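Structural overview
Here is what each chain is made of, one letter per residue.
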Amino acid sequence: MEIRTYRQEDIKDIAELFYNTVHTVNAADYTEQQLDAWADGNIDLSAWNRSFQEHMTLVAVMPSDKENGTEQIVGFADMDSTGYLDRLYVHKDFQRHGIATALCDRLEHAVDAEKFTTHASITAKPFFEKRGYQVMREQQVERKGILLTNYVMQKG
């Protein structure tokens, strides 16, 4: 696995990874209605691209065809300059391979912040707790009229 900085041409693969990850990995903790509200397959690609370019954004890739140099995106994460980890997603087929840990380690070392915060899903909460994040509060976030539970978590 290699971790590199985000490139604009990654956006479509990232959008697909996001949708598939939410609808498989998070399915144990959220209803189908909640998953559809969270990830409906219609991301505003230009808004996400802009956000990724404004943040420190890293992409984890694996070679998919060494002969022609193609790669598969297996994870991505982005953090703003205040230490807010906005998105962290790992491909459904590459869970528990250390990808999320590697992405977080790199971001936390690269961004000069006094503390790190994130809004963690029910699914991601144990991962962040193992990294030393503490739950500040549980919250309900509305997406398309549907409520989703997540946790404001902080480290540092």
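Residues numbered from 1 in each chain as written. Predicted model: local features only at pLDDT ≥ 70, side-chain atom pairs only at ≥ 80, totals over all residues. Heavy atoms only, no water.

1. Some points on the overall build of the chain
Just so we agree on the cut-off: Labels follow the DSSP assignment, with helices taken as runs of H or I lasting at least four residues and strands as runs of E lasting at least two, numbered in each case from the N terminus. The criterion used for residue contact is that any of the two residues' heavy atoms lie within 4.5 Å. Shrake-Rupley sampling with a 1.4 Å probe provides the accessible areas, and residues are treated as covered by the protein chains on show and by no other component. In this tally Asp and Glu are treated as negative and Lys and Arg as positive; neither His nor the chain ends contributes. Every charge is mapped onto a representative atom, which is NZ of Lys, CZ of Arg, CG of Asp or CD of Glu.
When helices and strands are counted, the chain shows five helices and seven strands. Put simply, the chain runs from its N terminus to its C terminus through helices and strands in the order β-α-α-α-β-β-β-α-β-α-β-β. The principal-axis extents of the C-alpha atoms in the chain amount to approximately 50 × 35 × 30 Å. Taking all contacts inside the chain whose residues are at least 6 apart in sequence as the whole, residues at least 24 apart take part in 61%. By element, 44% of the accessible surface of the chain is carried by carbon and sulfur atoms, the whole surface being about 8800 Å². Charge separation in the chain, taken as the distance between the mean sites of 17 positive and 25 negative side-chain charges, equals 3 Å.

2. Some thoughts on the packing of helix α1 (residues 11–25) against helix α3 (residues 45–54)
What counts, and what does not: For helices, the fitted axis covers only the stretch in contact; all axes are lines through C-alpha atoms, and the angles between them, taken along N-to-C directions, range from 0 to 180 degrees. Relative orientations are named as follows: roughly parallel for angles under 35 degrees, roughly antiparallel for angles over 145 degrees, roughly perpendicular for angles from 65 to 115 degrees, and oblique for any other angle. Three classes are used, and their members are as follows: Ala, Val, Leu, Ile, Met, Phe, Trp, Tyr, Cys and Pro are nonpolar, Asp, Glu, Lys and Arg are charged, and the others, Gly among them, are polar.
Two elements in contact, α1 and α3, have axes separated by 10 Å at closest approach and are oriented at 105°. The angle between the axes of α1 and α3 places the two elements in the roughly perpendicular class. Contact residues: Ile11, Lys12, Ile14, Ala15 and Phe18 in α1; Leu45, Trp48, Asn49 and Phe52 in α3. Tallied by class, the residues present in the contact of α1 with α3 amount to seven nonpolar, one polar and one charged.

3. Overview of the packing of aromatic side chains
Rules: The aromatic pairing rule takes the rings of Phe, Tyr and Trp, using the six-membered ring of Trp, and pairs them if the centres are within 6.5 Å, calling planes under 30 degrees apart stacked, those over 60 edge-to-face and the rest tilted. Accessible area is worked out with a 1.4 Å probe on protein chains only. A residue is then buried under 20% of its type maximum, exposed over 50%, and partly exposed in between. In this analysis the charged atom, NZ for Lys or CZ for Arg, is taken to sit over a ring once it is within 6 Å of the ring centre and within 35 degrees of the ring normal.
Using the criterion set out here, one finds ten aromatic pairs in the structure. Between Tyr30 and Trp38, the ring centres sit 5.2 Å apart and the planes meet at 75°, which makes this aromatic pair edge-to-face. Looking at Tyr30, the relative accessible area reads 6%, which means it is buried. When the centroid spacing of 5.8 Å and the interplanar angle of 75° are considered together, the rings of Phe52 and Phe76 count as edge-to-face. One end of the pair, Phe52, is in helix α3; the other, Phe76, is in strand β3 (residues 70–79), and 24 residues separate them in sequence. Just as Phe52 is buried, Phe76 falls in that class too. When the ring centre of Trp48 is taken as origin, the NZ or CZ atom of Arg87, which lies over that ring, is 4.7 Å away. Stacked on the ring of Tyr151, the Lys or Arg Lys125 has its end atom at 5.0 Å from the ring centre.

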